[in-house]
Amino acid sequence: MREVGVVIDLEGAPLYWHVPPSRTAVTLPDSRALWDVLWEHRDRVAGFAHSHPGSGVPAPSHEDVTTFSALERGLGRRYDWWIATRDGFVVCRWSGPGPLDYRTERCDAEPTWVSRLRALSEEEE
């Protein structure tokens, strides 16, 4: 399983699938294409989802949280940050007051795009 990401719009639809060739089970490198999509559509983006390897309820890594914070500061608003494992799905949202204070909530209902996120994570190159 390798990490994959997707930008989600305010209607809950995928805007951009982020599947860089250099991704691994523990890293999801950024790209100019991803940043261009986020910047161009920043007012209609609801958030970003990515996969984590394995099973169980996922939790954001320190790198995840610092990335969430940096993107929100750079793009000028708060977003939802979803993380999916093979059988778990959560959303992370800033809760303050500190810049890295994000709370994680388990999501029982999964949007339709989560199954594709998992499938892309499982694909072999």
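Nothing here was measured: the structure is a model prediction, and the numbers come from that model.

## What about the packing of aromatic side chains?
Moving on, step 1. Summed over the entire model, instances satisfying the criterion amount to 5 aromatic pairs.
Moving on, step 2. Ring plane angle 65° and centroid distance 5.6 Å describe the contact between Phe 68 and Tyr 102, whose orientation is recorded as edge-to-face. Of the two residues, Phe 68 sits in helix H2 (residues 62-75) while Tyr 102 sits in strand S6 (residues 102-106), which places them 34 residues apart along the sequence. Note on accessibility: Phe 68 and Tyr 102 belong to one class, buried.
Moving on, step 3. Seen from their ring centres, Tyr 79 and Trp 81 are 6.2 Å apart, and the 75° between their planes marks the pair as edge-to-face.
Moving on, step 4. Overall, Tyr 79 belongs to the buried group, its relative accessible area being 5%.
Moving on, step 5. Trp 81 gets classed as buried once you look at its relative accessible area, which sits at 4%.
Moving on, step 6. Ring pairing ties together the aromatic residues Phe 68, Tyr 79, Trp 81 and Tyr 102, which thus form one cluster.

## Regarding the packing of helix H1 (residues 32-40) against H2
Moving on, step 1. Close contact between H1 and H2 brings their axes to 10 Å; oriented N to C, the two are set at 50°. As far as their axial angle goes, H2 and H1 are oblique. Classified by chirality, the crossing of H2 by H1 is right-handed. Two secondary-structure elements touch here, H1 through Trp 35, Leu 38 and Trp 39 and H2 through Leu 71, Gly 74 and Leu 75.
Moving on, step 2. Considered class by class, the residues forming the contact of H1 with H2 number 5 nonpolar, 1 polar and no charged.

## Digging into helix H3 (residues 113-122)
Moving on, step 1. Of all the positions in H3, only Trp 113, Val 114, Leu 117, Arg 118, Leu 120 and Ser 121 are classed as buried. The buried residues of H3 occupy an angular sector of 165° when the element is viewed end-on, so they sit on one face.
Moving on, step 2. Looking at the buried side of H3, the elements it contacts are strand S1 (5-9), strand S2 (14-18), strand S3 (45-51), strand S4 (80-84) and strand S5 (89-94).

## Structural notes on the environment of Ile 8
Moving on, step 1. Mapped onto the fold, Ile 8 is located in strand S1.
Moving on, step 2. Remark: the alpha-carbon pair of Ile 8 and Ser 51, spanning 43 residues in sequence, is separated by 14 Å.
Moving on, step 3. Excluding residues that lie within four positions of it along the chain, Ile 8 makes contacts with Ala 13, Pro 14, Val 45, Ala 46, Gly 47, Trp 82 and Trp 113.

## What about the nonpolar core?
Moving on, step 1. Grouped together as the largest cluster of nonpolar side chains are 16 residues, with contacts concentrated most on Val 7, Leu 38 and Trp 81.
Moving on, step 2. Of all elements in the fold, only H1, S3, H2, S4 and S5 reach the threshold of two or more residues within this core.
Moving on, step 3. Residue contributions to this core peak at 4 residues, all from H2.
Moving on, step 4. Leave out the neighbours within four places in its chain, and Trp 81 touches Phe 48, Phe 68, Leu 71, Glu 72, Val 90, Val 91, Cys 92 and Tyr 102.

Conventions we followed
- Residues numbered from 1 in each chain as written.
- Predicted model: local features only at pLDDT ≥ 70, side-chain atom pairs only at ≥ 80, totals over all residues.
- Heavy atoms only, no water.
- Phe/Tyr/Trp six-rings, centres within 6.5 Å; stacked < 30°, edge-to-face > 60°.
- Helix = DSSP H or I, 4+ residues; strand = E, 2+ residues; numbered from the N terminus.
- Buried < 20%, exposed > 50% of the residue type's maximum accessible area, 1.4 Å probe, protein only.
- Axes fitted to C-alpha atoms, helices over the stretch in contact; angles between N-to-C directions.
- Parallel < 35°, antiparallel > 145°, perpendicular 65-115°, else oblique.
- Left-handed = near helix turned anticlockwise from the far one by under 90°.
- Contact = heavy atoms within 4.5 Å.
- Nonpolar A, V, L, I, M, F, W, Y, C, P; charged D, E, K, R; others polar.
- Arc of directions from axis to C-beta.
- Core = buried A, V, L, I, M, F, W, Y, C linked by side-chain atoms within 4.5 Å.

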